[in-house]
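One letter stands for each residue in the lines below.
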Amino acid sequence: MDTFDILIVGAGPAGLAAARAARRRGLRTAVVSREAPGGTCVHRGCVPVKSLLASAAARRVGVANAPDWQSALARANEIAESVSRGVAFELARIGVSFFLGEAFGVDSGQVRVESAEASTFELSARHILFAVGSLPVRPGFLPETKRVLDVDGVLRLPSLPRRIVILGGGAIGCEFASIFADFGVETFLVEREAHLLPNIDRDCGVALAGALARRGVRIVTGTVVDAVREGEDGLRVTTADGQSIEADFLLSALGRRSVPVTGGYCVCGDAADSVRLATWAEASAEAVVAALCGEEPVFAGDAIPACVFSYPEVATVGVSEVAARARGMSVRIGKAFFRANVRAAAVGETGGFAKVVADAETGRLLGASIVGPGASDSIAAAAIALKHGLPADSLAGVFTHPSFGEILSAACVDARVLTADGKRRKRPSAVKR
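Note that the structure is predicted; figures quoted are calculated from it, not measured. (Residues numbered from 1 in each chain as written. Predicted model: local features only at pLDDT ≥ 70, side-chain atom pairs only at ≥ 80, totals over all residues. Heavy atoms only, no water.)

(A) Looking closely at the pattern of salt bridges. All chains considered together, the criterion is met by 21 salt bridges. The partner of Arg44 in a salt bridge is Asp152, and the shortest N-O contact between them spans 3.7 Å. Here Arg44 is found in the loop between helix H2 (39-43) and helix H3 (46-60), whereas its partner Asp152 is found in helix H5 (residues 151-154), with 108 residues between them in sequence. Through salt bridges with shared partners, a single network forms among Asp201, Asp203, Glu321, Arg325, Lys335 and Lys355. (Salt bridge = Lys/Arg side-chain N within 4 Å of Asp/Glu carboxyl O. Helix = DSSP H or I, 4+ residues; strand = E, 2+ residues; numbered from the N terminus.)

Printed below as a string of structure tokens:
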């Protein structure tokens, strides 16, 4: 029986981060996974969906020979397989033993693994860590039919539908609304809250809704789907406020739920019922491995950015204005718009903004949001400032010119000249000589 210091069940972002953290500490490390390395992120999530977004963008801007749906899916699968092979190479390079198979029968530091060839073997370890991820949420009222899809089902669609209803206006729903709109599919996006992206700054959801609506997406907010009926030619979707929508398919994009782990074992990533972000999963894995090694774990959850890779992109980190005020914080708000950004003007993408939330007394950055080009990259500077407790002023003037990131600097400068109640300060009168 092979023996290890730590055995990790699952090879998604959390499992892979845990394996890297363990090897940095010199631990003999094994990873067991039922599929090739990468987890949901590589095989059914981040990687293929971002590939589809890139193909959709090519169609949106009119690139010659832009891929059709079948070609886009093939490209997405090829990229996912390539990334998975790269991850497998990295695991081998740093000395992690990888076992392909189903792990079960965990008992007293032992795991029984049934491989794809139906052979069974046992592994033992001092520490066993579960990073088994999450599964799509599927409401019970949805009928069991091939016309009701989750993300896995979309990635297997042989052809584009004429009409689709997307249930859920969070990150997944908005990204697929962006994809389908660019591929010319008549798209309906239904969100029960008053605006899209309800878990982040309201201004972001409102801005994204406007951008999607201008591209033909029909957005229905403030209501829920209460019935889905299948007929000969498709689905009839009825909302609680009486709207009726006919569609070929419905995509359930209501988030994910943790894969349950019983027995009191260590868990990390999505399995720990945490925020559903790959970066969050990686950070939690690092913290768990540190704790297992007797170290003080470091986990700066508020400094982990979240991004929506729709068109336009949305990125956020820290607390929103509404959340900060709800906590009784006195804050200053700074805002800047891409229509005044040189780089955005040069590429013809002047919609969107950056917004920062700073402590009114100390100026410390509390949160930031960006809607527009380069948002997912520019937000990193705000995350660094948050992680180290820096003032918003620290981001003024740190981006090269011309760049998309200058929008964040401009918002920080704007925060300087606003009062705690959000009103612009009066400029001082000119001194008479």
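(B) Representation of the sheet that holds strand S20 (residues 353-359). Strand order in the open sheet formed by 5 strands is S17-S18-S21-S20-S19, with antiparallel pairing between adjacent strands. Each edge of the open sheet is held by one strand with a lone partner, namely strand S17 (306-308) and strand S19 (331-337). Between one strand axis and the next, the sheet turns by 10 degrees as a mean value, whatever way the strands run. One ladder, built from 6 bridges, connects S20 with strand S21 (residues 365-371); its direction is antiparallel. Bridge pairing in S21 links Phe353 to Val371. Against the sheet, helix H7 (residues 202-214) engages strand S18 (314-318), S19, S20 and S21, with an angle of about 175 degrees to S20. (Pairing = 2+ DSSP bridges. Axes fitted to C-alpha atoms, helices over the stretch in contact; angles between N-to-C directions. Contact = heavy atoms within 4.5 Å.)

(C) Examining the pairing of strand S5 (residues 120-130) more closely. Of the strand pairs in this sheet, strand S1 (residues 2-9) and S5 are connected by 7 bridges, and their pairing is parallel. Bridging across to S5, Asp2 finds its partner in Leu123. Here 5 bridges tie strand S4 (residues 110-115) to S5, and the two strands are oriented antiparallel to one another. Directly across from Glu114, in S5, lies its bridge partner Thr120. As consecutive antiparallel partners, S4 and S5 are separated by 4 residues, and within that stretch Ala118 has a phi angle of approximately 75 degrees, a positive value. In this sheet, strand S16 (residues 266-267) lies alongside S5 in parallel orientation, the contact comprising 2 bridges. By the bridge assignment, Phe130 is partnered in S16 with Val267.

(D) Looking closely at empty space enclosed by the protein. Scanning all chains against the criterion turns up 1 cavity of 30 Å³ or more. Taken together, Pro136, Asp150, Val151, Ile172, Ser252, Ala253, Gly255 and Arg256 form the lining of the largest cavity. Across the lining of the largest cavity, the residue classes break down as 4 nonpolar, 2 polar and 2 charged. (1 Å grid on protein atoms, 1.4 Å probe; cavity = no way out; pocket = protein on both sides within 12 Å on 5 of 7 lines; lining within 4 Å. Points joined across faces, edges and corners; volume = space filled by probe spheres on them. Nonpolar A, V, L, I, M, F, W, Y, C, P; charged D, E, K, R; others polar.)

(E) Representation of the packing of H3 against helix H4 (residues 69-93) in the model. Orientation of H3 relative to H4, taken along the N-to-C sense of each, is 140 degrees, at an axis distance of 8 Å. In this view, H3 runs oblique relative to H4, as classed from their interaxial angle. Both H3 and H4 take part in a crossing whose hand is right-handed. Between H3, through Val47, Pro48, Ser51, Leu52, Ala54 and Ser55, and H4, the contact on the second element is made entirely by Trp69, Ala72, Leu73, Arg75, Ala76, Ile79, Ala80 and Val83. For the contact of H3 with H4, the class distribution of residues is 11 nonpolar, 2 polar and 1 charged. (Parallel < 35°, antiparallel > 145°, perpendicular 65-115°, else oblique. Left-handed = near helix turned anticlockwise from the far one by under 90°.)

(F) Region of interest: the environment of Val87. Along the chain, Val87 falls in helix H4. Judged by its relative accessible area of 17%, Val87 is buried. Once the C-alpha coordinates of Val87 and Gly38 are considered, the two residues, 49 residues apart in sequence, prove to be 6.9 Å apart. For Val87, the residues in contact, after removing those within four places along its chain, are Leu16 and Pro37. (Buried < 20%, exposed > 50% of the residue type's maximum accessible area, 1.4 Å probe, protein only.)

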